[in-house]
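One letter stands for each residue in the lines below.
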Amino acid sequence: MSAATTMEEPALRLASVTKSFGPIEVIQGVDLDIRPGERHAVIGPNGAGKSTLFNLISGMFPPSSGDIRLNGRSIAGLSPYRINRAGLARSFQITNIFHRLSVFENLRIGVLARHGVRYGLFRSIARMRRVNEETADVLERVGLAARGADLAGDLTYSEQRALEIGMTLTTGADVILLDEPTAGMSREETAEAVALIRSVTQGKTLLMVEHDMSVVFSLCDRVSVLVYGSILATDTPECISANRDVQEAYLGKEAS
Amino acid sequence: MRNISILVAILALAIAVPPFLGIAWQNALVNVLIASLFALAFNLLIGQAGLLSFGHAAYFGIGAFAALHLMIAIEDGLAFPTPLVPLAGAAAGLLVGIVAGYFATMRSGVYFALVTLAIAELFHSLAPHLQGLFGGESGVSSMRMPWQGIIFGSLIEVYYLTLGWVLTCGLALWAYTRTPFGRLTLALRDNEQRVQFLGYNAHAAKVIVFAVSAMASGVAGALLAISNETANYSLFATDVSAQVVLQTFVGGSTVFFGPVFGAAAFTLFAFLVSDLTRSWVFYQGLIFVLVMLYAPTGIGGVIAYHARHRRQLDWSRLAGPYALALVGGLLVAAGVVYLTETVAVLFGEGYAVRMRDAGGSLPRYDLFGVSWDPAGILTWLLPLILIGAGGAVLVRARRSIAGFWNRMGRTEALAAATPEPAGGTA
């Protein structure tokens, strides 16, 4: 670790973030710095609070205490759309798309948001060439060019997952949160998804929840292990897999 | 092109025919136009945004009262062109729509429906007490003032004014679906949560949709005020809110212009049947239930379905079953009407008196120009035969129609499943 990288302002900083649902503290003081441009995975056993952590960062609900900063600006407790406009986009573990719209339209909604024509009431959408071109471009990049006119609900599962990632990219955010992007995929589908994620997050900051260690190893620069709502360790994938505490808490169970 | 030529043909009829009709028919057509615009405005919410409002009478009524107040001001000498009076309805609808929509759209689904219902009831209960705004129980009245040589004295002038406004607003609402915001509205219907995570303030967006819908409803209300030259608090009644829901669903909320069919059907039905029988509201309800059960996409949905498959439609094989279904439907309808009217006579006010006069025995009664014996076998056998025979015919017709569509569906699926190279060599 050079001094320059540690001095650099983190793209995303979580400081003593907690979240309680009633008497249960699901997130128990998480400190985490995500460096600009890195690919960072959060791993941990089921129920460790990974999805809750993502929901706190993306504004689904506010943290009970602590601060979340995006490029130095506090976003803790902001509504999801404000956080998105501040430059953070997320995907969902359970596919969360517009089922009755075409694949193209699913992507165009986000592209429109980036172009600032969110509530355009007096222009024909068919004439907005740049928006439509950019949408076609994203469609191409996520490998769904042939499916553009089909209803999103009619896509196969792995195609919907690709669309899910595509939608996350459209708003032009430079911090991307992906929640288990390869969950439920076959080996080949997973390999394709990894290649897709690698190419589309080029030049962006990626934070992802992932169960599949092979995906983490092939994709991520650093890994944080979340156990019972707090970070056990943060390090490179190699060091993490060699870490004794981590093996005991998490990896050991799968290795044995 | 095909759609445009159909539209032009309908428009030509709508312009050319009414002058040759009687006053009653002209008035009925004005009401059809107003109901059509109201239903299109309402369907912006349920069809596009997926929001079911049970209180759209509020914005319809507000539009009517706003128009009347402007007309009174014109009467008192304000230099405002009478044809533009609906602008007052639009402005009032928009304003009230923003405020009411702000609260109603905080929730979705059932809660949204209940809040809209409550807001309309609020107007309905307050209006009779607000003498200045809503004219108390008797309401507000005014006169259409002449403008630029147009007297607005005859109904046909009102008809053309209404036609112009309904066309303009209808097309504007259609254009709305082609704008970025129109596409966002569909996305809201599908998945409000994701819309928020894509950088949109979903609540603000829903308020805008609601306000646009209320604005167009206000124009429809204003047109009614111009036509009737009066309005009272009954415009806010639940009945008005319910009518637009029924019309929209019978017309078909999934097709943009579908609600127009429902509005036309219900308005003309009321016009034609309400003088003939007091049971017409019952028949209207029956039609609604049947459409929901057997053609849930409504009249517009059925037409759109046929239009979509027009190339595959083999009318030589379809015309027979359809005609059979019509015959069966008419038989069942005859039986149901006969039963309904008989019950209406036997349990009506007049018959009880006659029964007392007859000393407890069942006197004969007249219906459909024939004298019937309430205790006669034929009296009760006839409707059963009609309904039974009609039902049997309907079942048969339905089977062959379903068979036709299934066969077509299979061919379609087969064509889709056949890989391209194989198709090429064949």
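Residues numbered from 1 in each chain as written. Chains lettered and ligands numbered in written order. Predicted model: local features only at pLDDT ≥ 70, side-chain atom pairs only at ≥ 80, totals over all residues.

Caption draft 1: View of the overall build of chain B. Counting its secondary structure elements, chain B contains 18 helices and four strands. Overall size of chain B, expressed as C-alpha extent along the three principal axes, is 85 × 65 × 45 Å. Out of the 426 residues in chain B, the part that is buried amounts to 38%. Counted over contacts in chain B with a minimum sequence separation of 6, partners at least 24 positions apart contribute 78%. (Helix = DSSP H or I, 4+ residues; strand = E, 2+ residues; numbered from the N terminus. Buried ≥ 20, exposed ≤ 12 C-beta atoms within 10 Å, placed from the backbone. Contact = placed C-beta atoms within 7 Å.)

Caption draft 2: Broad picture of the interface of chain B and chain A. On the side of chain A, 30 residues touch chain B, which itself brings 20 residues to the contact. Top element by residues in the side of chain B that touches chain A is helix H8 (residues 180-190) of chain B. It accounts for seven residues. Residues of the side of chain B that touches chain A, tallied by class, amount to ten nonpolar, six polar and four charged. (Nonpolar A, V, L, I, M, F, W, Y, C, P; charged D, E, K, R; others polar.)

Caption draft 3: Expanded view of the pairing of strand S2 (residues 24-34) of chain A. All names here are of chain A. Bridging between strand S1 (residues 12-21) and S2 involves eight bridges; their strand directions are antiparallel. Each residue of the ladder has a partner; that of Val17, found in S2, is Val30. The antiparallel pairing of S1 with S2 creates a hairpin that spans two residues between the two strands, and Gly22 there sits at a positive phi of about 65°. (Pairing = 2+ DSSP bridges.)

Caption draft 4: Structural view of the confidence of the model for chain A. Residues and elements named next belong to chain A. Of the residues in chain A, 95% have a pLDDT of 70 or more, and the chain-wide mean is 88. Across chain A, element-level confidence peaks in strand S6 (residues 88-90) with a mean pLDDT of 95 and bottoms out in helix H1 (residues 3-7) with 48. This model gives residues 1-5 a pLDDT under 50, and the stretch forms two contacts once residues within four places in sequence are excluded. (pLDDT = per-residue confidence, 0-100.)

Caption draft 5: Region of the structure containing the environment of Thr177 of chain B. Residue and element names in this part refer to chain B. Mapped onto the elements, Thr177 comes out in the loop between helix H7 (155-176) and H8. Separated by 82 residues in sequence, Thr177 and Pro259 place their C-alpha atoms 15 Å apart. Discounting residues that sit within four places of it in the chain, Thr177 has contacts with Gln48, Gly182 and Phe256.

Caption draft 6: Structural detail: unusual backbone geometry. Residue and element names in this part refer to chain A. A positive phi is found at Ser16, a non-glycine position, where the angle reads about 50°. Its location among the elements puts Ser16 in strand S1. The exposure class of Ser16 is exposed, given the 12 C-beta atoms found within 10 Å.

Caption draft 7: Structural context of the packing of helix H11 (residues 238-251) of chain B against helix H13 (residues 280-294) of chain B. Residues and elements named next belong to chain B. H13 packs onto H11 with a crossing angle of 40° between their chain directions and a minimal axis gap of 9 Å. If you check the angle between H11 and H13, you find them oblique. Two packed elements cross with a definite hand, and for H11 against H13 that hand is left-handed. Taking contact as the criterion, the partners of Leu246, Phe249 and Val250 in H11 are, on H13, Ile287, Phe288, Val291 and Met292. Its residues placed into classes, the contact of H11 with H13 shows seven nonpolar, no polar and no charged. (Axes fitted to C-alpha atoms, helices over the stretch in contact; angles between N-to-C directions. Parallel < 35°, antiparallel > 145°, perpendicular 65-115°, else oblique. Left-handed = near helix turned anticlockwise from the far one by under 90°.)

Caption draft 8: Quick peek at the confidence of the model for chain B. Residue and element names in this part refer to chain B. When pLDDT is averaged along chain B, the result is 88; 96% of the residues meet or exceed 70. Taken together, the stretch residues 417-426 has pLDDT below 50 and engages in one contact with residues farther than four places along the chain or on a different chain. Predicted complex, confidence summary: ipTM 0.88, pTM 0.87.

Caption draft 9: Up close: the nonpolar core. Of all hydrophobic cores here, the largest spans 167 residues; its most connected members are Leu37 and Ala67 of chain B. A total of 18 residues in this core trace back to one element, the largest contributor, which is helix H10 (residues 202-228) of chain B. (Core = buried A, V, L, I, M, F, W, Y, C linked by C-beta atoms within 7 Å.)

Caption draft 10: Inspection of helix H14 (residues 298-308) of chain B at higher detail. Along H14 of chain B, the residues that are buried comprise Gly298, Ile299 and Gly300 of chain B. Buried residues belonging to H14 of chain B abut H11, helix H12 (258-273) and H13 of chain B.

Caption draft 11: Up close: the pairing of strand S7 (residues 175-179) of chain A. All names here are of chain A. Burial analysis of S7 places five of its five residues in the buried class, the great majority of the element. The two faces of S7 match: Val175, Leu177 and Asp179 on one face and Ile176 and Leu178 on the other face are all buried. Bridge count for S6 against S7 is three bridges, and the pairing is parallel. In the strand pairing of S7, Leu88 is matched with Val175. Summarising the sheet, S7 and strand S8 (residues 205-209) pair through five bridges and their orientation is parallel. Residue pairing in the sheet places Ile176 in a bridge with Leu206 of S8. Handedness of the S7-helix H7 (residues 187-200)-S8 crossover: right-handed. (Right-handed = clockwise from strand over helix to strand, strands pointing away.)

Caption draft 12: Region of the structure containing the domain arrangement of chain B. Taken domain by domain, chain B holds domain 1 (18-280) and domain 2 (309-416). Computed from C-alpha coordinates alone, the two centres of domain 1 of chain B and domain 2 of chain B are separated by 35 Å. (Domains from an automatic or database assignment.)

Caption draft 13: Looking closely at the sheet that holds strand S5 (residues 73-74) of chain A. Residue and element names in this part refer to chain A. An order of S2-S1-S4-S5 is seen for the four strands of this open sheet, with the pairing classed as antiparallel. With one partner strand each, in any of the chains shown, S2 and S5 form the two edges of the open sheet. Sheet strands in contact with helix H2 (residues 50-58) are S1, S2 and strand S4 (65-70), and its direction is about 65° off that of S2.

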